[in-house]
Amino acid sequence: MVIAIDGPAGAGKSSVARALSDELGFTYLDSGAMYRCVAAAVLMRDLDPGDPESATAVAESIEIDFDWDRISLDGDQVDQLIRTPEVTEAASRVSVHPGVRAALVTEQRRLISRGRYVAEGRDIGTVVSPESPLKVFLTATPEERARRRALQTGGDADQILLAQNERDRRDSEREVGALRVAEDAVEVDTTDRSLDEVVAVIAGLARGRGLA
Ligand code: DC
């Protein structure tokens, strides 16, 4: 069973999903990290992230493992590598390919079938697990999302906003697994709310639905 936390980059999904999984005693799944692993593997092999065939072949052949917060790619720890700006950009590009998405969605379904998960991403409630009993769509204004990213990375908020707009466009315009609000999702705007407040709202929903 999975609680789905979807939304655009910088809406607070990772912090919220991590804290919520701790609070409820569920396992946390960061689906974005899997797209980042595909992108890192594509770059390591000197392939083009824009080429669907090679990116799909990579997605179908790599091994991604989660050990709590640690992510390994073919046996190597890649937690820092997958957060670099190069991999962030390439992840946005590989994630438009239907073959890449099919490979990762299959793996995500296999993982979440094994227990109680809080999974964050773009298409958890719409594609990976449409039967999820609690779907949350987190939002925040683009400016606030860029401001948070700038605080985390020390980058310039205006430049981050431009790159973020481009990734938002790819996220919402791709043909498969586009970012959209599931019909039965609860929308939560995190712009003026603290992490604790957001987690409390979602934990309350989960308990109210008898999930925890
Ligand atoms: O959430 P994130 O920034 O770590 O995601 C990295 C990239 O992967 C981002 O460009 C969107 C994409 N992604 C996706 O297409 N589907 C998901 N379920 C999760 C992430």
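Residues numbered from 1 in each chain as written. Predicted model: local features only at pLDDT ≥ 70, side-chain atom pairs only at ≥ 80, totals over all residues. Heavy atoms only, no water.

Asks: How would you explain the nonpolar core if you had to name every residue and give the values?
Replies: Core analysis: the biggest nonpolar cluster contains 35 residues, and C37, V38, I62 and I82 have the highest contact counts within it. Among the elements of the structure, β1 (2-6), α2 (31-44), α3 (52-61), β4 (70-73), α4 (85-94), α5 (98-112), β6 (117-121) and α6 (124-128) are those that each provide at least two residues to this core. The dominant element in this core, judged by the number of residues it contributes, is α2, at nine residues. Sequence-distant contacts of V38, that is, excluding residues within four places in its chain, are made with A55, V58, A59, I62, V94, V100 and L104. (Core = buried A, V, L, I, M, F, W, Y, C linked by side-chain atoms within 4.5 Å. Buried < 20%, exposed > 50% of the residue type's maximum accessible area, 1.4 Å probe, protein only. Helix = DSSP H or I, 4+ residues; strand = E, 2+ residues; numbered from the N terminus. Contact = heavy atoms within 4.5 Å.)

Asks: Could you give an account of the site of the ligand, with specific residues and numbers?
Replies: In the region of the ligand, 14 residues are neighbours, and S31, R36, R101, R122 and D123 sit closest. Between the ligand and the protein, one listed contact pairs an oxygen atom with a side-chain N or O atom of R36 at 2.7 Å. Within the side chain of R101, an N or O atom sits 2.8 Å from an oxygen atom of the ligand. In isolation the ligand offers 450 Å² of accessible surface; the protein chains occlude 95% of this area. For the shell around the ligand, the secondary structure elements donating two or more residues are α2 and α4. Top contributing element to the shell around the ligand by residue count: α2, with four residues. Residues of the shell around the ligand, tallied by class, amount to two nonpolar, five polar and seven charged. (Near = heavy atom within 4 Å. Polar contact = N/O pair within 3.5 Å; in protein donor to acceptor, adjacent residues only side chain to side chain. Areas by Shrake-Rupley, 256 points an atom, 1.4 Å probe, with all protein chains shown as cover. Nonpolar A, V, L, I, M, F, W, Y, C, P; charged D, E, K, R; others polar.)

Asks: Describe the environment of D123, with residues and values.
Replies: With respect to the helices and strands, D123 occurs in the loop between β6 and α6. Along the sequence, D123 and D6 sit 117 residues apart, while their C-alpha atoms lie 6.6 Å from each other. With residues up to four places along the chain from it excluded, the contact list for D123 reads D6, Y35, R101, V105, V128 and G177.

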